[in-house]
Amino acid sequence: MIRTWEDLKRETERIREARRRGPPVQVLVSMGTCGIAAGTQPVLEAIRKTVADRGLDRQVEVLQTGCMGLCHSEPSIEVLDRVNGRDYLYGLVTPQQVPALLDIGAEPSKGLLSVPRSWYYPDDDEQSNGRPQARLVLRNSGRIDPERLDDYLEKDGYQALAKAVVSMKPEEVVELVAQSGLRGRGGGGFPTGKKWSFAATVEAPEKFVVCNADEGDPGAFMDRAVLEGDPHSVLEGMAIAGYAIGSRRGVIYIRAEYPLAVRRLFTAIDQARKAGLLGRDLFGSGFGFDIEIKYGAGAFVCGEETALIHSVEGYRGEPTLKPPFPAVAGLWKRPTVVNNVETLANVPTIVRRGAAWFRGFGTPGSPGTKVFALAGKINKVGLVEVPMGMTLRQIVFDIGQGIKGGRRFKAVQTGGPSGGCIREDELDTPIDYDTLRNLGSMMGSGGMIVMDEDDCMVNVAKFFLEFTLDESCGKCTPCRIGNKRLFEMLSRTCEGKAEPDILQRLETLSLVIKDTSLCGLGQTSPNPVLATMRKFADEYCEHVHDRRCRSGVCTALVRYAINERCVGCTLCARNCPVSCIAGERKKRHVIDEAKCIRCGVCFQKCKFHAIDRV
Amino acid sequence: MIPVIINGMTVQAREGSTILEAARQLGIRIPTLCNFEMDAFGIKHRLGSCRICVVEVQGRPNLAPACSTPVMLGMHVYTNTMRVFNARRTVLDLILSNHPKECLTCHKNLHCELQALAEEMGLLEIKYPGEKAQHPIDLANESIVRDMNKCIYCRRCEMACNEVQTVGILSGVDRGFMATVAPTSKRPLAETKCVFCGQCVAVCPVGALNEVDRTYDVWVALNDKSKTVIVQTAPAVRAALGEEFNLSPGTSVTGKMVTALRMLGFKGVFDTDFAADLTIMEEGKELVDRVRANRNLPILTSCCPGWVKFFEHQFPDLIHIPSSAKSPQQMFGAIAKSYYAKKIGVAPKDLVVVSVMPCLAKKYEAAREEFRQDGVRDVDIVISTRELARMIKEAGIQFAQLRNGNFDHPLGESSGAAVIFGASGGVLEAALRTAAETMTGQPLEQVDFEAVRGLSGIREATISIGTLDLKAAIASGLGNARKLLEAIRAGKAHYHAIEIMACPGGCLNGGGQPYIHGDVSILEKRRQAIYDEDYGKAIRKSHENPYIRRLYEEFLGCPGSETAHRLLHTHYYGRPNT
């Protein structure tokens, strides 16, 4: 039981000493949801068996960690070899490769895929040192076993909480966070210190800290990685927030679709309570804090803070008007601070290292780092954490290693369904909250979807709108009906049924929806439409006026025809799923347009550029 | 008071008031749709969800809903800019694009707030047409039709059901374009604890919620030569029916109504008030007995079928305390099909009893299994005040020009005590007039018990009857009823008698009355009309009604007799609270 800051320091020292005396080699196995789905479990079992078979128990410690961020190379394994002073990072590991992987000291065998270190820099001193990534939020993710409190304590866990409650006044903590310039990582970018100070100054018999873990953007999994990889950092951040605003109760609102994260959170809360790191009278300061977990049922709109609060209270997850703001009347009408997982995970480091240190990362307006879930047509799909101010070009081409299959980059969507797309000519903009907004997009929670020349931008807008349509709570008219109408107009555009004035109506309606919707979801829902209309106007015009889709995605607008380059190889005819291509060997083939389903298989298969897409 | 600048004009607005209210002070009407307020009942539905009322507020990035945005010091508001017009028109366009626009065949034709808004804003075309959300129509009960295809999702019904009535069956379900209001799991109302009070219907701005229209069945019965069709009319109907014919609210139209009913072809035009007097005889006796024995108190009134169903579902542990007396409607039916049928020599199955009620729950009540003798329903068809108006219009009767008629005998005579059943507090007052004389054996000097009158949700009064200080309470609106019931259950409330009416203000604000669109002043006028009729009556106490006396002499014996129990009393059943 840790009763004082001294206890904690002693405990941390004890753990570190034990580690020094422990096995010199650590094998870290990526056991996040994604890793497990990719097949890490049998690899882990093979590792344990091999270690046991070879009697390596005293030399090798096997750790299951959270996500390392290497989606493109799961299952991924890291071997930290203290004896030889070497680290190896392996990707796409199979159980068969495990024996070779455990040949400690030997050079990695050729059969193993070694992941480039430039891509992934887990770094204990948390400094970027010119490397592309800087790991502040993901400092422990993939580095520790999230189900062991000792691992977290070893990495200075709960030192920040102890420092705050023992040596600082609540208002000093608020001031420190304000000084750090930390902004809400959930998407809006509201200054966290300001949010805290609002709640701190309201007098109330009870206050709440709510952690928003209702991550719902399509393709976004930043928060899940933190919760699965380093749950204690979120708990510590919440407790510090509680101390700062005068709250003794925290609630984590987490979507039920994250069962592993939920389990690890429960484990972490239980451990923290037993160790005296949550509960009454923390570190002898008199301050107490405890945390409970509430499940979300997978509604995107519940990421909006008022909707989230209603959902926690057991009501339908619907936004209500602000004011009153949650900081004044939130959960159960008490002052409430709602912070996103990533925001809270930043807090302990800021308290421990100071505001100036934190401001060493990022831009003056947006200090710190941002975690992005890099997805889409990119070579290295994964989770990255970069300092604010990095350009999209660096993220897409340096870290992400460019576009799959050597296709041409077309755009990248940030901010998920609330954001917009960014064109190639805008790639050199240093990204932070404000520059992205100026580009007609937004930071959002960190989803980043890369699109190439095969993507139709009208269809992309339609895709995001369809998501919003499903996820709108339906409360206000513009979002409920307006988005449906936008979607219908885009569908007609993609089907070649657009009216001549449709572009003007799309824009007008989009602007009204932005101007009149009740909550952030509705106010940003037309962003993908407006951004693609503005930046890819020619594609829209082609769809509407020429009835043409240059990427061939909108099948209703595409026709395939065989030109004179055809040598009669029959490849297209053999691959056509509806057998609508006829022709004799070595003679030019023809497509029966009436039967053609415009799947594009012939176009992809032809080696002679003999099929035209018109 | 704080200064607010609207369209360049300064107005001193009350702190905490809304932009909508401040604009009204300047004579600016900002259109609204979902907004609904009835101060007298504490109703403030400021959801801000339809977005028709959006205005420009300087310094705010987005348009603000005037109905729910509080004024702030020095706020600059613009209600008529191009940006506002454009937004407002687009929002209306969207609502209409998802609305069936079957105005000519809609119950709410000319009573519809959306129709009025469209007229006011003069939208001439739908710029954003598209698919309409399709929802099944719930027709599976006696009282209420829910056609969510016409719903504009203002959520007033939800507010009425949950906040005002605390029945708690309606809520938003599903998402996005398919979002709608429905009971949990989208069950039909008949499978829920819905009490059919019809307050959801009363507040619905469009034709999504309506009564089950039975006018056609009445026409069929009236034209069936093998049937004798008689009608009873509830006390609150006469105070509101005139509104449907452009008579000013508060005009009592008893005489014209009687004439109109006779013109429609009813063989006997009777008054539920007669049965109300009978109710007082039975319930009054029960009150006196229970007070004298000082047990099983308080006694609760049981005239209101919405209230009866409410306690059956929500307070099944207390079903022994309401009076066992049937409601006046059902007493009338029972007497009509026994005493009256025999008197005129018609078989009960050939006697059709039609009720005109201010209420939709009465439709449900008349269909309850226990209210029939030998398989024949005591009350065959129940129509609302609105349906009666429709019949009168369809028959081409020029209502305003009618001469006054008189109710038929013997079931048409009533006392003033019966008339006031239509207002909250009336049943209790009527009971007191009779109980006081029964208990003291002395005639009452003052029959007006002002202390129990009013529209407010809960009232209490202590009335001296001889040596007894009788403690009484009145609640109208089921949310208020719940408060009293919970206090009783917790042993914190000690009353002798409690009157409860499901609808706020009592039957004059029933779910079947002409629509008032939130105008409480109309209720006040109806209330006045009811009490005026009471003052004007020669007989003002139920037990002095000579036809009631004769009924007991000829048929029932005395209040509480075996025949009375068989015909005039009922049982209650615990029902599931879901």
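Source: prediction; values computed, not measured.

**Thoughts on the overall build of chain B**
Now for step 1: Secondary structure summary: chain B contains 18 helices and 21 strands in total.
Now for step 2: In summary, chain B has a C-alpha radius of gyration of 25 Å against a globular reference of 25 Å for 578 residues, a match within 12%.
Now for step 3: Dimensions along the principal axes, computed over C-alpha positions, put chain B at roughly 75 × 55 × 45 Å.
Now for step 4: Taking all 578 residues of chain B together, the buried fraction comes to 54%.
Now for step 5: Partitioning the intrachain contacts of chain B with sequence separation of at least 6 by distance along the chain shows that 74% fall at a separation of at least 24.

**Describing helix 17 (residues 546-556) of chain B**
Residue and element names in this part refer to chain B.
Now for step 1: Every buried residue belonging to helix 17 is among Ile548, Leu551 and Leu556, and all of these are buried. Down the axis, helix 17 shows its buried residues gathered within 50° of arc, on one side only. Of the exposed residues in helix 17, those oriented more than 90 degrees away from the buried face are Pro546, Glu553 and Glu554.
Now for step 2: Of the surrounding secondary structure, the elements contacted by the buried residues of helix 17 are helix 8 (272-293), helix 10 (328-344) and helix 18 (562-568).
Now for step 3: Positioned one or two residues after helix 17, glycine 557 has a phi angle of 90°, which is positive.

**Details of the environment of Val512(A)**
Now for step 1: Looking at the secondary structure, you find Val512(A) in helix 19 (residues 502-516).
Now for step 2: Residue class for Val512(A) comes out buried when judged on the 26 C-beta atoms lying within 10 Å of it.
Now for step 3: Residues Val512(A) and Pro526(A), 14 residues apart in the sequence, show an inter-C-alpha distance of 9.4 Å.
Now for step 4: In this structure Val512(A) touches Pro478(A), Gly482(A), Asn86(B), Ala87(B) and Thr90(B), once residues within four positions along its chain are discounted.

**Regarding the interface of chain A and chain B**
Now for step 1: Taken residue by residue, the interface counts 26 residues in chain A and 27 residues in chain B.
Now for step 2: Counting residues per element, the ones that place at least two in the side of chain A that touches chain B are helix 17 (457-471), helix 18 (477-494) and helix 19 of chain A.
Now for step 3: With eight residues, the single largest contributor to the side of chain A that touches chain B is helix 18 of chain A.
Now for step 4: Considered class by class, the residues forming the side of chain A that touches chain B number nine nonpolar, six polar and eleven charged.

**With respect to the pairing of strand 6 (residues 208-213) of chain A**
Along a regular strand, successive side chains alternate from one face of the sheet to the other.
All names here are of chain A.
Now for step 1: Counting buried positions over the six residues of strand 6 gives six, a clear majority of the element.
Now for step 2: Burial along strand 6 is two-sided: the residues Phe208, Val210 and Asn212 and Val209, Cys211 and Ala213 are all buried.
Now for step 3: Bridge analysis of strand 6 against strand 7 (residues 249-255) gives six bridges, and the strand direction is parallel. Each residue of the ladder has a partner; that of cysteine 211, found in strand 7, is isoleucine 252.
Now for step 4: Both strand 6 and strand 9 (residues 336-340) contribute to a ladder of five bridges, which runs parallel.

**Re the sheet that holds strand 14 (residues 299-300) of chain B**
All names here are of chain B.
Now for step 1: Ordered by their spatial adjacency, four strands build an open sheet running 14-21-20-19, and the pairing between neighbours is mixed. At either end of the open sheet lies a strand with only one pairing partner, and these are strand 14 and strand 19 (458-465).
Now for step 2: Where strand 14 and strand 21 (residues 497-501) come together, two bridges link them in parallel fashion. Following the sheet pairing, isoleucine 299 is matched in strand 21 by alanine 497.
Now for step 3: Taken strand by strand, helix 15 (residues 478-489) contacts strand 19, strand 20 (468-476) and strand 21, and its axis lies near 140° from that of strand 20.

**A look at the domain arrangement of chain A**
Put simply, an interface is often sized by how much accessible area is lost when its parts join up.
Residues and elements named next belong to chain A.
Now for step 1: Here chain A is partitioned into domain 1 (16-114), domain 2 (149-358), domain 3 (369-452), domain 4 (457-546) and domain 5 (559-613).
Now for step 2: Its C-alpha centre places domain 1 at a distance of 31 Å from the equivalent point of domain 3.
Now for step 3: Residue composition of the side of domain 1 that touches domain 3, by class: three nonpolar, two polar and no charged.

**A word on the confidence of the model for chain A**
Now for step 1: With 97% of its residues at a pLDDT of 70 or more, chain A shows a mean pLDDT of 92.
Now for step 2: Predicted confidence is poor over residues 122-129 of chain A, with pLDDT under 50, and the contacts of this stretch with residues over four places away or in other chains come to ten contacts.

Cut-off values and rules
- Residues numbered from 1 in each chain as written.
- Chains lettered and ligands numbered in written order.
- Predicted model: local features only at pLDDT ≥ 70, side-chain atom pairs only at ≥ 80, totals over all residues.
- Helix = DSSP H or I, 4+ residues; strand = E, 2+ residues; numbered from the N terminus.
- Rg over C-alpha atoms; globule rule 2.2 N^0.38 Å.
- Buried ≥ 20, exposed ≤ 12 C-beta atoms within 10 Å, placed from the backbone.
- Contact = placed C-beta atoms within 7 Å.
- Arc of directions from axis to C-beta.
- Nonpolar A, V, L, I, M, F, W, Y, C, P; charged D, E, K, R; others polar.
- Pairing = 2+ DSSP bridges.
- Axes fitted to C-alpha atoms, helices over the stretch in contact; angles between N-to-C directions.
- Domains from an automatic or database assignment.
- pLDDT = per-residue confidence, 0-100.

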